[in-house]
Amino acid sequence: MTARKRNPGNTTGFDAARRSFLSAAVAAAGVTLAPGVMLYGITRPSAAKARALDAAASSDVRWGMLIDSNRCDSDCNECVTACSKENGLQGHGRPATDAQWIRKVELHDPGTGLNKSLPMMCQHCADPPCVDVCPTGASFKRADGIVLVDKHTCIGCRYCMMACPYKARSFIHEALEDQKSHAPRGKGTVESCTMCVHRIDDGRQPACVEACNDSGGGAMLFGDLNDPDSEISQRVAKYASQQIRADLGLDPGIRYQNL
Amino acid sequence: MVRRRNVIILTVVALASLVTMTVAASGVPKPDIPRGQGESCVADIDFMRRNHMTMLKHQRDETMLKGVRTKQYSLKECVSCHAVKGPDATPVTVSSPKHFCRSCHDYVAVKIDCFQCHASRPEPIVAVDGGGKE
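Everything quoted here is computed from the prediction, not taken from an experiment.

Caption draft 1: Spotlight on the overall build of chain B. Along its length, chain B carries six helices and zero strands. Within the span of chain B, comprising 134 residues, buried residues form 20% of the whole. Considering only residue pairs separated by 6 or more positions, chain B has 50% of its internal contacts joining residues 24 or more positions apart.

In structure tokens form, the structure reads like this:
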């Protein structure tokens, strides 16, 4: 927090090092990223801030997402497609057991006929029940609030899948080949949305958020909930948003608007 | 007669020991370990042979639990530097006996399970730069 206050705004408050770092980052990203994403990176540095490679994730940050269900189209599946592509999830045509890190959920209110669509994934709880029940300590929460599975210690018991109220976790039943190098996955372990931790550590946004914004949906906003200057913090402070099953007291990092 | 017999025996013994020595010198065939790219590895070869597993394990915990992503001792960098090209000029996976890790692990009969989850060959550079976008 204090570090952030030293670099407050996004125009005059920058010190030279930060400015040159940002322009270098933009120059490097400019070739491959869409113009909208580049602009976002400049005007909202707190949304995607690369840590030094040797720096550990810090609890000064709490990564979260705000999802506006008014802007989420029930016909759109961009976030799910982007997630599968980014993390190398291939289906086997068996929806009951195929790995699913993010899915679209349709809500219907029979009383009013209201239909809503929203993406549902690991909610990255502050008090995750999956971590409580894990017998080996494989299911854990990183300092910056991202809930992960350490597959080196996961024994595939699937207690966490039972404990998760959001059905966010999947078990890998088949031997896999040619996984993505940034998303190791293997038979006999449990996995779920990592909030694209490899991208976050690299100062980028999760693939689903990027795809949603690129496709013009703009329903997903990613950022640091601990930073009062971040767009997500300002939006949740200004407009009503809710956590799903807030009654459980798990304090999810994913919040929804206009449900 | 006795003397001639001794000479024959001595000759036979000398020949036999010569044969044994040549076999011992060549020994069991050594594994054909492909060289990595660049001048040298991240540490001495002798040190790497004995300690690479400890280094990988240390780095894995740092990265997994804390998010430290220094490249020097990362498995991803090992895989990319020690990639072995196959007949189709693309890097081979661990399913090929020519794979760097396998070439030695097969020889010493140590079974590793790293590549049940981890990619055993580097990804095309496009994917790294573009962050999944093409």
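Caption draft 2: Expanded view of unusual backbone geometry. Of note in the backbone geometry, Asp 178 of chain A takes a positive phi value of approximately 55° without being a glycine. Topologically, Asp 178 of chain A is positioned in the loop between strand E6 (170-171) and strand E7 (190-191).

Caption draft 3: Highlighting the pairing of strand E2 (residues 102-109) of chain A. Direction of pairing for E2 of chain A relative to strand E3 (residues 114-121) of chain A: antiparallel, over a ladder of eight bridges. Paired with Asp 109 of chain A across the bridge in E3 of chain A is Leu 114 of chain A.

Caption draft 4: Broad picture of the pairing of strand E1 (residues 63-68) of chain A. Residue and element names in this part refer to chain A. Among the six residues that make up E1, six are buried, leaving the element largely enclosed by the rest of the structure. Taking every second residue as pointing to the same face, both faces of E1 are buried, with Trp 63, Met 65 and Ile 67 on one and Gly 64, Leu 66 and Asp 68 on the other. Looking at chain direction, E1 and strand E8 (residues 220-224) are connected through five bridges and run antiparallel. If you follow Leu 66 over to E8, its bridge partner there is Leu 221. Both E1 and strand E9 (residues 254-257) contribute to a ladder of four bridges, which runs parallel. Across the sheet, Ile 67 pairs through a bridge with Tyr 256, a residue of E9.

Caption draft 5: Structural view of the interface of chain B and chain A. With 21 residues of chain B at the contact, the number on the chain A side is 24 residues. Elements with a minimum of two residues in the side of chain B that touches chain A: helix H2 (45-66), helix H5 (114-117) and helix H6 (125-130) of chain B. The element that contributes the greatest number of residues to the side of chain B that touches chain A is H2 of chain B, accounting for four residues.

Caption draft 6: Main features of the nonpolar core. With 49 residues, the main nonpolar core has Met 65, Ile 67, Cys 79, Cys 83, Cys 208 and Met 220 of chain A as its most contacted residues. Of all the secondary structure elements, the ones that give two or more residues to this core are E1, helix H4 (78-87), E3, strand E5 (147-149), helix H7 (197-201), helix H8 (207-214), E8 and E9 of chain A. Examining the composition of this core, we find that five residues originate from one element, H8 of chain A, more than from any other. With near-sequence residues (within four places) excluded, Met 65 of chain A lies in contact with Val 209, Met 220, Leu 221, Phe 222, Gly 253 and Ile 254 of chain A. Ranked by size, the runner-up nonpolar core spans nine residues in total, among them Leu 75, Cys 78, Cys 101 and Ala 119 of chain B.

Caption draft 7: Seen up close, helix H4 (residues 100-108) of chain B. Those residues of H4 of chain B lying buried are Phe 100, Cys 101 and Arg 102 of chain B. Where H4 of chain B terminates, the next one or two residues include Ala 109 of chain B, which has phi positive at roughly 55°.

Caption draft 8: Region of interest: the packing of H4 of chain A against H8 of chain A. All names here are of chain A. In contact at an axis separation of 8 Å, H4 and H8 are set at 135° when each is read in the N-to-C sense. Regarding the angle of H4 to H8, the classification is oblique. For the pair H4 and H8, the crossing hand works out as right-handed. Here Glu 78, Cys 79, Ala 82, Cys 83 and Glu 86 of H4 come into contact with H8, specifically with Ala 207, Cys 208, Glu 210, Ala 211 and Cys 212. Each residue belonging to the contact of H4 with H8 can be placed in one class, and the counts come to seven nonpolar, no polar and three charged.

Caption draft 9: Region of the structure containing the confidence of the model for chain B. Residues and elements named next belong to chain B. The predicted model of chain B has a mean per-residue pLDDT of 81, with 74% of residues at 70 or higher. Below pLDDT 50 for its whole length, residues 127-134 participates in 12 contacts with residues either more than four positions away or in separate chains. Confidence estimates for the predicted assembly give a pTM of 0.77 and an ipTM of 0.75.

Caption draft 10: Molecular detail of the sheet that holds E9 of chain A. Residue and element names in this part refer to chain A. Spatially, E8-E1-E9 is the arrangement adopted by the three strands of the open sheet, whose pairing is mixed. Of all the strands in the sheet, the pair left with one neighbour each is E8 and E9. Across the sheet, the mean angle separating the axes of adjacent strands is 20° when strand polarity is ignored. Where helix H9 (residues 231-238) meets the sheet, it contacts E1, E8 and E9, and its direction lies at approximately 110° from that of E8.

Caption draft 11: Examining the environment of Met 48 of chain B more closely. Looking at the secondary structure, you find Met 48 of chain B in helix H2. Setting aside residues up to four positions removed in sequence, Met 48 of chain B forms contacts with Cys 41 and Ala 43 of chain B.

Caption draft 12: Up close: the environment of Tyr 73 of chain B. Residues and elements named next belong to chain B. Its place among the elements puts Tyr 73 in the loop between H2 and helix H3 (75-81). Classification of Tyr 73 as partly exposed rests on a count of 18 C-beta atoms within 10 Å. With residues near it in sequence (within four places) discarded, Tyr 73 still touches Val 42, Met 55 and Gln 59.

Quick notes on the rules
Residues numbered from 1 in each chain as written. Chains lettered and ligands numbered in written order. Predicted model: local features only at pLDDT ≥ 70, side-chain atom pairs only at ≥ 80, totals over all residues. Helix = DSSP H or I, 4+ residues; strand = E, 2+ residues; numbered from the N terminus. Buried ≥ 20, exposed ≤ 12 C-beta atoms within 10 Å, placed from the backbone. Contact = placed C-beta atoms within 7 Å. Pairing = 2+ DSSP bridges. Core = buried A, V, L, I, M, F, W, Y, C linked by C-beta atoms within 7 Å. Axes fitted to C-alpha atoms, helices over the stretch in contact; angles between N-to-C directions. Parallel < 35°, antiparallel > 145°, perpendicular 65-115°, else oblique. Left-handed = near helix turned anticlockwise from the far one by under 90°. Nonpolar A, V, L, I, M, F, W, Y, C, P; charged D, E, K, R; others polar. pLDDT = per-residue confidence, 0-100.

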